[in-house]
Amino acid sequence: MAETIDIVKLGGVKEGERKRPRSKEARREIACQTVADRLKNYSEVALGYTPDIAVAEAMRCLECPKPRCVVACPVHIDIPSFIGLIARGKFTEAAEDIRQYNNLPAVCGRVCPQENLCEAACIINDTNAHNPIAIGRLERFSADWQFMHSERRAEDIHKKPSTGYKVAVIGSGPAGLSCSADLAKMGHTVHIFEALHKAGGVLMYGIPEFRLPKAIVQKEVEYVSSLGVQMELNNVVGRTMPVQEVLDEFDAVFVASGAGFPNMMNIPGENLNGIYSANEFLTRVNLMKAWTHPEAGTPIRRPQRLVVVGAGFTAFDVVRIGLRLGADEARIVYRRSREEMPGRGEEIEHAEEEGAIFTLLTNPVRYIGDENGSVKAVEVQKMELGEPDASGRRRPIPIPDSNYIIDCDTVVVAIGQTPNVLIPSNLPGLATRWGSVIKVNRETYMTTVPKVFAGGDAITGAATVILATRAGREAARAIDAYVRDPYRAWQSPE
Amino acid sequence: MYQITDKKVLATGVVEMTIRAPRVAKAHKPGQFLMVMNREESERIPLTIADSNPETGEVTIVFLEVGRSTIELGQEFREGDELFAVLGPLGTPTHIENYGTVVVIGGGLGVAPIYPICKGLKAAGNKVVTIIGYRRKDLMFWNDKLAGVSDEVIITTDDGSCGIKGFVTTALEQLHDEGRTIDRIVAIGPPIMMRVVAEKTQPWGIPTIVSLNTIMVDGTGMCGGCRIAVGDETKFVCVDGPDFDGHKVDWDQMFNRMKVYKKQEQKAIAADPSCNLYFETLKR
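Residues numbered from 1 in each chain as written. Chains lettered and ligands numbered in written order. Predicted model: local features only at pLDDT ≥ 70, side-chain atom pairs only at ≥ 80, totals over all residues. Heavy atoms only, no water.

## Side note on the overall build of chain A
- A count of helical and extended segments in chain A gives 20 helices and 18 strands.
- Overall, chain A is about 70 × 55 × 50 Å in size when its C-alpha atoms are taken along their principal axes.
- Counting all 494 residues of chain A, 60% fall into the buried class.
- Contacts in chain A between residues at least 24 apart in sequence constitute 70% of all its contacts with a sequence separation of at least 6.
- Surface summary for chain A: the accessible area is close to 19700 Å², and the carbon and sulfur share equals 51%.
- Between the averaged position of the 58 positive side-chain charges in chain A and that of its 62 negative side-chain charges there is a distance of 3 Å. (Helix = DSSP H or I, 4+ residues; strand = E, 2+ residues; numbered from the N terminus. Buried < 20%, exposed > 50% of the residue type's maximum accessible area, 1.4 Å probe, protein only. Contact = heavy atoms within 4.5 Å. Areas by Shrake-Rupley, 256 points an atom, 1.4 Å probe, with all protein chains shown as cover. Lys, Arg positive; Asp, Glu negative; His and termini not counted. Charge placed at Lys NZ, Arg CZ, Asp CG, Glu CD.)

Next comes the structure, spelled out in structure tokens:
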């Protein structure tokens, strides 16, 4: 259904008229659920812009001729262009404009760390400190608007005629979806193999509903399908079919299998009941909807006293889920200090507002079980910070005789994920680092095996959605060149 | 998507189901399992593949109606119905080579998954002695099928209603006492049976392989819910197993980890009218 937008009434400018940027105004806040409300549900915390607020925010943009934000954006979205379209009431067109650069705007508008990327680069920071254009919120607004108000028809989608080349994409997370969409637009036949029963990868199993609604992810998946991409679910390549069979059937293969293997600390008692990897805890809740158990079939322990080990994105997602599951106490235990926390500012704030406790400069050393074999406490050790290590962060050093006990009934270990070894171990000649991270040529995303490309967390270890999206996009370009002329395009990854 | 092409009730609460899943059937090797989701909101449950036919594209599972999802699968799904998801084959296949004489033990429901293993071992040139144990005669199934892929089949029942009275270990001890050569043992069944077999064979020094069926979510190495200490290491049953050296498995941990969701499962069964009805019917 098409909605008539009266742009003048909304405070914007008519097409062709001159825009007077109101950059001195404050950045428009996004409406959020109250803390009391959001702890009672799993719905999205940030509610999104209404059209009038989106237009007001878009009117602040200077639409710079040499925009720094575009340079800072990993996929170089033409930010002033889409914001200009919003200011002129062309919301759907704005989303289409973004889609030329990023196939997942509704996702990236929500989970991209804009405060470190485009928004950090915004020139308005120079004159109106801490008030950069809310680029992420506007991106989300236009993508949501498009989903709500326009019916995409196959003929509207800019697609080149069929090239006859067939490309397999292994994994339907951000890297896989982004690569598939671009390849399909270029006219190639694309077939995605997904191991789980729903497409979306980490967007479905990893990121919770209250940060990224699963209905939104499925909308983005539908968009990719609408480009003609075939999605085969419940097929774990390397088990359901040999990797070689995929190589034989397709002209090129893009491995985007993510970083799905959970790291554990290997300390005593880690296999007690009630101790989860972050992957298990998140998959149960996000993908399997265990919070609705017994309506959904998959159960989860409802923690009273939760300890989450780690302070990355994942740890904050887990601690906030714990609070929604009704935990009386939900604690982050992290071996460094607040400054070194890899989590996003907004999520750290939200977790704090919701009542998460931070126990910093502290590291678990062993778990203690009760008579039923369930965890009842964790013994921790205090740490201090020494000289910076390889990651550039100050290295935590244990303080002798500083151990003490924290009572808990559930522990979630969120100290990182590494790629699954299934594809490397089933594809002779595929070079890796540390046995699981696939080696590629950083320009072409080519691996050491002809025809095989890789991108996303599979080549970096766990990173961000936007970097995976970029890898998918850049790999699509390289794959396009390769299938058209394999001999010329071939480059060694070393 | 995954149509049920055949369903048989083998004994009270024991159901054999054949499902159309051509890719799984083609790739299946002995010892592997699959994940089933009955419906979109169901949990993912691991079930060992009991047979496969690459020509017809079908796989067979045999399961016990014991929890909410298996009761639902056994009671509410009929021939012609479709399952929401079937993923497989998963896990590292059972290592098969010519060992000489292999004793393959199946206890209760474990009789089904040993079928492809016996078949594979026999094809590799082994002498296959199969011991199958049940609680009672009326719970027996697949005896003939196993006879077709074994050199010898020994049946035990707890109450002596068929074959040797006693447990599978009673028959195993007899073979050992007779001085028969046993080069390797494969045991699949309830964890308590596998533990007892492994403890029995350890002093004999005979390699004993067991197949663990732990709690899993994805079945592909992602969640680690299935992890278990084997020797000095923590292993993931879904990718490192399900076969392990029975002498190295931390059995106490295995039993402990199986009861993680006992409370939640009871709650789910209590809340589900069809499960209640099922248990009522069993009592009658």
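That was the structure; now back to the text.
## What to know about the environment of V230 of chain B
All names here are of chain B.
- Looking at the element boundaries, V230 is found in strand β14 (residues 227-230).
- Distance in space between the C-alpha atoms of V230 and M254 is 10.0 Å, their sequence separation being 24 residues.
- Aside from chain neighbours lying at most four places away, what touches V230 is K235, F244, K248 and V249.

## Some words on the packing of helix α10 (residues 174-185) of chain A against helix α19 (residues 465-484) of chain A
All names here are of chain A.
- Contact pair α10 / α19: the axes reach a minimum separation of 7 Å and the direction vectors enclose 35 degrees. Handedness of the crossing formed by α10 with α19: right-handed. For the pair α10 and α19, contact is made by P174, A175, S178, C179, D182 and L183 and by V465, A468, T469, G472, R473, A476, I479 and D480, respectively.
- A class-by-class count of the residues in the contact of α10 with α19 yields 8 nonpolar, 3 polar and 3 charged. (Axes fitted to C-alpha atoms, helices over the stretch in contact; angles between N-to-C directions. Left-handed = near helix turned anticlockwise from the far one by under 90°. Nonpolar A, V, L, I, M, F, W, Y, C, P; charged D, E, K, R; others polar.)

## Describing the nonpolar core
- If you look at the biggest cluster of nonpolar residues, it comprises 109 residues, and the most contacted ones within it are I79, F82, I83, I86, L138, F254 and I479 of chain A.
- It is α19 of chain A that provides the largest number of residues to this core, a total of 10 residues.
- When sequence neighbours within four positions are dropped, the list of residues in contact with F82 of chain A reads I77, A94, D97, I98, I135, L138 and E139 of chain A.
- Counting residues in hydrophobic clusters, the runner-up holds 37 residues, among them L87, A198, V230 and F236 of chain B. (Core = buried A, V, L, I, M, F, W, Y, C linked by side-chain atoms within 4.5 Å.)

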